[in-house]
Amino acid sequence: MHALPTRIVLAAWIGLLALSACAGGGGGSTDGGGGGSGTGGWRWESPQPQGNALADVWGSSASDLWAVGDHGAIVHWNGTAWSLVPSGTTRDLKGVWGSGASDVWAVGSGGTLLHWNGSAWSASSTGATYDFTHVAGSGPADVWAVGANKVLHWNGTAWSTAITAASSTMFIGVWTSGSGDAWFLGSGGGLLHLSGGTLVSVSSGTPNYLYGLWGRSANDVWAVGSDIVRYDGTSWSLVATSNVSLNGVWGSGPDDVWAVGDGGRIEHWDGTAWTSVASGTASDLSAVFGTAVNDVWAVGADGTIVRWDGTSWTRASRGTTHALASAWGTSSSDVWAVGESGTFMHWNGSAWSARSSSVTNGLSGVWCAGPSDAWAVGTMGTIVHWDGTTWSPSTSGISTNLLAVWGSGTNDIWAVGEGGRILHWDGSGWTLVTSGVSTTLRAVWGSGPSDVWAAGDLLTILHWDGKAWSTSTSSTYSNTFYGVWGTGPSDVWAVGDGSIVRHWNGSAWSSVSSNTTTFMLRGVWGSGPSDVWVVGQSGTILHWNGTLWSLTASGTSHDLFAVWGSGPSDVRALGAGGTILRWQ
């Protein structure tokens, strides 16, 4: 969101996924890449240009726009395409404004204040350590940055503290018409007005929260939130109410003002009334800015960018924003990813594309025997099969949620899920196989037909020896395994919440330090014994080099649910918001 910490609204399937990962997929931990810059490492593959939440947008012309967001994300529009630009920081960026193409400011958490000089972004030191929330100005020597209970001012030479409010105050917005006239928005919807060197508190015209602030002139200023209010040069008055949070506002003139908000809501003022306009997205929108009546941009969650061309809003960012839970492939040019609301994505070696199917249930696992033989499983006992042309339903015989699938070959495939359910495909049909447990199983993998592992709740690990499933390990603790994978019968890894990592050496399971915090680890995959990847909560990615686990910068704080690769230099991590990261 633009003014407050991002609010996450999760569908029922996401809630299930948080407790129900798929084979080789799960979700969460820390990250690091500064705006996707540098060489080597993890790169955004989808959405494009990137998938971190965008908080603000501003531009100097139709061919020069900037949007900033989480994890130091900065993207630039050159009139043709959006592209990632190195920011030099991994701090969340919350505001962007400039006086021209070679004078742009971006602010964010931890006192981050960056400046663009026309060639590169560089840090500007103010000594502040608190979070900046917004920046705006009237010219190169009149820029305001707000955050915590502070207001800083740039006079063209240096930053200085202009206002220190009560410690209970949290500034989240600023707009200025210049000449010492500025408005400041507080987190509770309070408004402060600076005029003639005097700062006064002003009634906003509503008791409700306000999140966005913008003005056309000193006598025409708008603020939006749960309500829409307007300043006419004398006082603020209530103009309209909203049943969703509106987070950003901007206009090209008195009869052309836009407000954007949660759930993809976009409202338009035509000089007389506010009306809703279809946005083409359901993602939360944080900010709006334009260069003309027919060139308006809005940005928001999961890297969403939408554009108004004078007729309609269309999505400019590319890729799904549905959470992706699992991935598997047959080669570097044939990879499937599945997820929320029956999402199927396919990589053909050059691009990801959405594939249609009749499935609407959430999908939690996918496994491929070949280019024309793939399986996916999901909620309510969903099993679907790919024959090279179409995904079609396969009868599972159960209505229990299935969470993972793996096979040793075309006629030997296992699916596991809630209640200890295990199904087996023998080439002609699915049959229920006794597991001996009632705990939910969330991952399955094997080295062959007589060596298969399933893992899940209460640290349960089961083993199939070709004849029967037996319990290898379990616990009375509430911890859960979300992923299992190995290179062979004597090299198997299981990962789970609390940063749990266990290793099977052919005779026993043992704990291995993950060298990370208590984040939930969700997926595991590797190209060999000395090259293993684990992904998890809040963008955590760990790598095993044969001796120890180490954190690797992912460039996002999105939960990651799955990891899969075709080789050591072609690995993908997938997760919330349609995230697909690629290691090359």
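Above this text sits the structure in question.
Residues numbered from 1 in each chain as written. Predicted model: local features only at pLDDT ≥ 70, side-chain atom pairs only at ≥ 80, totals over all residues. Heavy atoms only, no water.

Novice: Tell me about the nonpolar core, and please be specific about residues and values.
Specialist: Core analysis: the largest hydrophobic core is formed by 82 residues, its most contacted members being Phe344 and Trp391. Beyond its immediate stretch of four places on either side in the chain, Phe344 contacts Trp336, Ala337, Val338, Ser353, Ala354, Arg355, Ser357, Val359, Leu363, Ala376, Val384 and Trp391. Core analysis: the next-biggest nonpolar cluster, separate from the first, contains 73 residues, Val57, Phe132, Trp175 and Trp308 among them. (Core = buried A, V, L, I, M, F, W, Y, C linked by side-chain atoms within 4.5 Å. Buried < 20%, exposed > 50% of the residue type's maximum accessible area, 1.4 Å probe, protein only. Contact = heavy atoms within 4.5 Å.)

Novice: Describe the sheet that holds strand S53 (residues 549–551), with residues and values.
Specialist: Strands in a sheet are paired, the pairing made by backbone hydrogen bonds, and the direction either parallel or antiparallel. Taken together, the four strands give an open sheet; going across it, the order is S50-S51-S52-S53, and neighbouring strands pair in antiparallel fashion. Unpaired on one side and paired on the other, strand S50 (521–528) and S53 mark the two borders of the sheet. Within the sheet, the average angular offset between the axes of one strand and its neighbour, ignoring direction, is 25°. Bridge analysis of strand S52 (residues 541–544) against S53 gives three bridges, and the strand direction is antiparallel. Residue pairing for S53: Trp544 is matched across the bridge by Trp549. (Pairing = 2+ DSSP bridges. Helix = DSSP H or I, 4+ residues; strand = E, 2+ residues; numbered from the N terminus. Axes fitted to C-alpha atoms, helices over the stretch in contact; angles between N-to-C directions.)

Novice: I'd like to hear about unusual backbone geometry, residue by residue, with values.
Specialist: Looking along the chain, the bond that leaves Ser46 and enters Pro47 is cis, with omega of -5°. Note that Pro47 resides in the loop between strand S1 (42–46) and strand S2 (54–61). Cis geometry marks the peptide bond from Gln48 to Pro49; its omega dihedral reads 10°. Phi at His71 takes a positive value of approximately 60°, unusual for a residue other than glycine. In this fold, His71 is placed in the loop between strand S3 (64–69) and strand S4 (74–77). Phi at Ser179 takes a positive value of approximately 55°, unusual for a residue other than glycine. For Ser179, the location among the structural elements is in the loop between strand S14 (171–178) and strand S15 (181–186). Of the residues examined, Ser179 reaches a relative accessible area of 81% and is grouped as exposed.

Novice: Tell me about the environment of Ser510, and please be specific about residues and values.
Specialist: Along the chain, Ser510 turns up in strand S49 (residues 509–511). Sequence-wise, Ser510 and Trp493 are 17 residues apart; in three dimensions their C-alpha atoms are separated by 9.8 Å. Residues in contact with Ser510, not counting those within four places in the same chain, are Val501, Arg502 and His503.

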